[in-house]
Structure formats: structure tokens, C-alpha cells
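Survey of secondary and tertiary structure
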Amino acid sequence: MDDTPDISGRTDAARRAARALATAKTAVKNAALEAIAVAIVERTEEILAANARDLEKGREKGMPEGLLDRLALDGYRIAAIADAVREVKALPDPVGEVMRGMTNELGLRITQVRVPMGVIGMIYEARPNVTIDAAALALKSGNAVILRGGSAAEGSNRAIISVMRDALSSAGLPADLVQTVDDLGRPGATAMMRARGGIDVLIPRGGAGLISAVVRESIVPVIETGTGNCHVYVDSGADLEAAERIIMNAKTQRVGVCNAAETLLVHRDEAERFLPGALTRLATAGVTLHLDETSLEIARRDASIDEAMIVPAVEEDWAAEYLSMDLAVRVVDSIDEAIEHIRSYSSGHTEAICTPSLASANRFRTELDSAAIAINASTRFTDGGQLGLGAEIGISTQKLHARGPMGLAELTTSTWIIEGEGTVRP
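Residues numbered from 1 in each chain as written. Predicted model: local features only at pLDDT ≥ 70, side-chain atom pairs only at ≥ 80, totals over all residues. Heavy atoms only, no water.

1. Remarks on the pairing of strand 12 (residues 350-354)
In the case of a regular strand, side chains alternate between the two sheet surfaces. Burial analysis of strand 12 places 5 of its 5 residues in the buried class, which makes it a mostly covered element. Residues of strand 12 alternate between two faces, with T350, A352 and C354 on one and E351 and I353 on the opposite face, all of them buried. Judged from the 4 bridges that link them, strand 7 (residues 230-234) and strand 12 form a sheet pairing that is parallel. Bridge pairing in strand 12 places Y233 opposite I353. Of the pairings in the sheet, the one linking strand 12 to strand 13 (residues 372-375) comprises 4 bridges and is parallel in character. Bridge pairing in strand 13 places A352 opposite A374. At this point the chain moves from strand 12, through helix 15 (residues 358-367), to the parallel strand 13, and the crossover so formed is right-handed. (Buried < 20%, exposed > 50% of the residue type's maximum accessible area, 1.4 Å probe, protein only. Helix = DSSP H or I, 4+ residues; strand = E, 2+ residues; numbered from the N terminus. Pairing = 2+ DSSP bridges. Right-handed = clockwise from strand over helix to strand, strands pointing away.)

Structure follows, in C-alpha cells:
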């Protein structure tokens, strides 16, 4: 017996709401986004109280620190989330944008214009900020959204969605533009994956297990976001001071995010000069170093590095998305070996090279096949806000229309408009 819950009532409500939003002018959508931003800040204490309960439950269940960091909200983060909503509000409305146009030999005026997808489903893990980001992007791009945010953040998400629905109503738009299936538990996610015709596109965002399960089981079209096994490669002749800044930022600024570095590759020419200082600084910052034979030998020469912070690397380390204060380190003989290593183990998210060589930078850019390539810059810049998209709904590592950070344009599809004067095809 199939015990998948029936969510057709919710998807039908979402489709009705999406039709109402499709005819709304940009000013109406912007007013709704401003109402959401204001309400989030005004009801901060309510949201924080719910988040504190989620955090307490997470600690009781032994949730890793990196995931607790993803889950945690405070006044600063809530204010930043409200600012992100306003950034989306300030972005150009993609709906109605003419993507291309022409007049053919018969005098037909042909244009391809952006239109909303309709109803977007989002399945994600312990990221309450994603609840707001997803809703803001969906609304500005003319879509309704149905959310499944995971049990770890259920209280936080419930509070945030209540705030957003109230704000939508106050702005004269249907509250059902933002809905959740969190109350249905995991079967709610299954129901979303089976809601073909009710949900137009499904976006999973989280760990590899979640993403692969949605891709494998969904009969709704999926835009696949990717895990982040990101690399930093220090090339021969690199500015080692800059390279150290980059790896420290890429690894330690915020560890529980998909654009944090998980592997450091160092050209053998620079290993003896770069690794002693870099490994010491990383270990002092609390990073456990998973070291290949050469880098382990270098680390053990430095008595200031706590032996507990260095471990021999094993094969699994090269493919790991740690989401924690762990870093795999390998010394390579050439850029060819670095590129081959990344091709073998990368998740296709972001790779960074530190190099003075234009030739090396061009090889890295053209021979690797990831959604983002950073040249003398941190992997942490692969982010919708940093790349001028405003908030992002996820970072796609697939090769369809959406790749890299997905902003407003990636949440639209297109319609061809064909205008004639009684014109028929000869």
C-alpha cells in the first residue's frame, strides 16, 4: 500500500497563486519583498526562539559543528537575510525580458521572452536562510514555491514561513505563494518528487545523499545542485603570501558551506617554502590536516604543530566534502598532475589556482570542467551575492541551462511569441 501523502491540495493552491503572481507588476512583487524583509526583522525574537530549540535538539542528537553552523541564526544573520531579500528586490525583474528577437522574410515578428516556471519545489537540509532565499527568488521571478526544509530546522522554518505568508497577505498577494510540507516529514519530500504536473521543477540542495536520492527517485524535472569538493592549487612561482591568505579564507572563513575548500594541492617546487607556514597556520586555526606522504614529512618537522592535528591521508580523503575543519593536502609534481587529480575527485563545483602564469591560468580554466574557476582568488566567491545575482537558490553543477549560482534568470523558462498579419506558412 502506497502511504505517500496527497499534496494535490497544496500544489493546486500553489498553481492558483502562481497564476495571480504571473500578472503582477514588478512594483507589486517588490512591495511584497519589502514587506517580507521588514517582517523578518520585526519578528526576529520569534524566529530566534524557534531556532534555539532546533539547535538544542541538534546538539542532543550529536549534529556536527559544521551543520550546526548552517542551522544557527542570530540577530546579525537575520539582518543579513533581510538585506538579501532587499538585494533581490533591487534586481531587474526577469519576467518579460526579451531574450532574442527577429523579423523573418514573411514579416513575422518573433521574440523569445522569459516567463515564470510556475511552481518550484525545494528540498534542502538544515539551512533556514535558504527558506527565505528560495521564497524571495521564486517571488521575484514570478513563481510559487513549496518547501521541504528537513526536520533539523523544522521549527525555524515554520516560524519563517509564517512570517512570509503574513507579509504576502499584507501586500495583497496570496499567502499560498509560499508553502511547506515539513509537517508531513520525509513522506512529504517523497510526495513532492511524485507531484509531476503539480510541481514544475524540483531543486534539491544539501549533501550528496539527499541530492542523489532526489535525482534518482523524482519524476518531476530536477535541477541538480552539487556537493562541494573544492580544490585550491598552488602553482610553481605562486605568490605564497597571497596563496596562504586564499587557503585560510577558503578553508576557515565558514566551513559548513559548499564553496569551502576541502583539498589543497601544492606544486613540489613550492612545497618546502609554502607548506611549513601554511600548515602551521591552518593547524593553529583548528584545522585537522589529512596529509600525503610528502606534506606529512614536512609537517612533522615543525614541533609547533600539534601531532593530533595531522593524520595520514587515505584514498577517501581526496573525494571528501568534509563540511568541517578538515583539509586534505597533497604535493604534486606538475600542473598536469594537479589537473588530473581534480578531474578524478572534483564534484564540479569550484576550483582555485594561485599562479603568476597566464599559461597556467588558461590551462586550469580550459582543461577543468567545474561550474566556477577562481584564478588567484578564494573558492568562497562562488556565491550568488558575490557574483551579483543577489540571493541564490542553489549552486548547480550540472550542464543544463542553469550552472553555478542560480539566481532569478535561472528560475524562468521562455515562451516564443510569433506575431503576424494573418500570415500562413508557405
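Picking up after the structure, the text goes on.
2. Some details on the state of the cysteines
Applying the stated rule across the entire model yields 0 disulfides. You can see C230 has no disulfide; the closest cysteine sulfur is in C258, sitting 6.9 Å from it. Considering cysteine sulfurs only, C230 is the nearest to C354, which forms no disulfide, with 14 Å between them. (Disulfide = S-S within 2.5 Å.)

3. Here we look at the packing of helix 3 (residues 44-60) against helix 7 (residues 154-170)
In contact at an axis separation of 7 Å, helix 3 and helix 7 are set at 160° when each is read in the N-to-C sense. Taken together, the axes of helix 3 and helix 7 are roughly antiparallel relative to one another. The handedness of the crossing between helix 3 and helix 7 comes out as right-handed. Each of E46, I47, A50, N51 and D54 in helix 3 lies in contact with helix 7, whose residues at this interface are E154, G155, S156, A159, I160 and V163. Counted by class, the contact of helix 3 with helix 7 contains 5 nonpolar, 3 polar and 3 charged residues. (Axes fitted to C-alpha atoms, helices over the stretch in contact; angles between N-to-C directions. Parallel < 35°, antiparallel > 145°, perpendicular 65-115°, else oblique. Left-handed = near helix turned anticlockwise from the far one by under 90°. Contact = heavy atoms within 4.5 Å. Nonpolar A, V, L, I, M, F, W, Y, C, P; charged D, E, K, R; others polar.)

4. Here's the deal with the pattern of salt bridges
Note on pairing: side chains with opposite charge can pair once their charged atoms come close. Within this structure, the stated rule accounts for 29 salt bridges. Two residues, D183 and R10, come together in a salt bridge whose shortest N-O distance is 2.9 Å. Residue D183 is found in the loop between strand 5 (178-180) and helix 8 (186-193), and its partner R10 is found in helix 1 (residues 8-22); the two are separated by 173 residues along the sequence. Among the salt bridges present, the one from D336 reaches R363, with a minimum N-O distance of 2.9 Å. Here D336 is found in helix 14 (residues 335-345), whereas its partner R363 is found in helix 15, with 27 residues between them in sequence. Through salt bridges with shared partners, one network takes in D336, E340, R343, R363 and E367. (Salt bridge = Lys/Arg side-chain N within 4 Å of Asp/Glu carboxyl O.)

5. A word on the packing of aromatic side chains
Under the definition given, this model contains 1 aromatic pair. The interplanar angle of 15° and the centroid separation of 6.3 Å between the aromatic rings of Y233 and F364 together place this pair among those described as stacked. Of the two residues, Y233 sits in strand 7 while F364 sits in helix 15, which places them 131 residues apart along the sequence. Like Y233, the residue F364 is buried in the burial classification. (Phe/Tyr/Trp six-rings, centres within 6.5 Å; stacked < 30°, edge-to-face > 60°.)

6. A word on helix 11 (residues 268-284)
In a regular helix each residue adds 1.5 Å, so 17 residues correspond to 24 Å; helix 11 covers 23 Å between its end C-alpha atoms and thus fits that length. In helix 11, a bend of some 55° at F274 exceeds every other bend along the element, and P276, a proline, comes one to four places later. E270, A271, F274, L275, A278, L279, T280, L282 and A283 are the residues of helix 11 that are buried. Directly after helix 11, the chain includes G286, whose backbone phi takes a positive value near 100°. (Expected span 1.5 Å × (residues − 1). Bend = angle between axes of the 7 residues up to and from the residue.)

7. As for empty space enclosed by the protein
Taken as a whole and assessed by the stated rule, the structure comprises 1 cavity of 30 Å³ or more. Computed from the structure, the largest cavity encloses a volume of approximately 150 Å³. Contributing to the lining of the largest cavity are 17 residues, with R70, R127, R205, G206 and C258 lying nearest its centre. Considered class by class, the residues forming the lining of the largest cavity number 5 nonpolar, 6 polar and 6 charged. (1 Å grid on protein atoms, 1.4 Å probe; cavity = no way out; pocket = protein on both sides within 12 Å on 5 of 7 lines; lining within 4 Å. Points joined across faces, edges and corners; volume = space filled by probe spheres on them.)

8. Considerations on the UniProt feature "domain: Aldehyde dehydrogenase" (unreviewed entry) in the protein chain
Per the UniProt record, "domain: Aldehyde dehydrogenase" (unreviewed entry) is annotated on residues 8-292. Counted over residues 8-292, helix gives 53% and strand 17%. Its end C-alpha atoms are 53 Å apart. (UniProt positions renumbered as here; feature names shortened; annotations may be inferred.)

9. Regarding the nonpolar core
In this structure, I40 and I393 are the most contacted members of the largest nonpolar core, which totals 68 residues. When residues of this core are assigned to their parent elements, the largest contribution, 8 residues, is made by helix 6 (residues 128-140). Every residue in contact with I393, bar those within four places of it in the chain, is listed here: I120, M122, A134, L137, I203, R205, M406 and L411. In terms of nonpolar packing, the next biggest core, distinct from the first, is built from 34 residues, L240, I247, M309 and I310 among them. (Core = buried A, V, L, I, M, F, W, Y, C linked by side-chain atoms within 4.5 Å.)

10. Focus on the environment of T280
In this fold, T280 is placed in helix 11. Put simply, T280 and M309 are 29 residues apart on the chain and 9.8 Å apart in space, counted from C-alpha to C-alpha. Setting aside residues no more than four positions away along its own chain, T280 makes contact with L275, D302, S304 and I305. Among the polar contacts listed, one links the side chain of T280 to the side chain of D302, at a separation of 2.5 Å. (Polar contact = N/O pair within 3.5 Å; in protein donor to acceptor, adjacent residues only side chain to side chain.)

11. Points about the side chain of S370
Relative to the assigned elements, S370 resides in the loop between helix 15 and strand 13. At a separation of 2.8 Å, a polar atom in the side chain of S370 contacts the side chain of E351.

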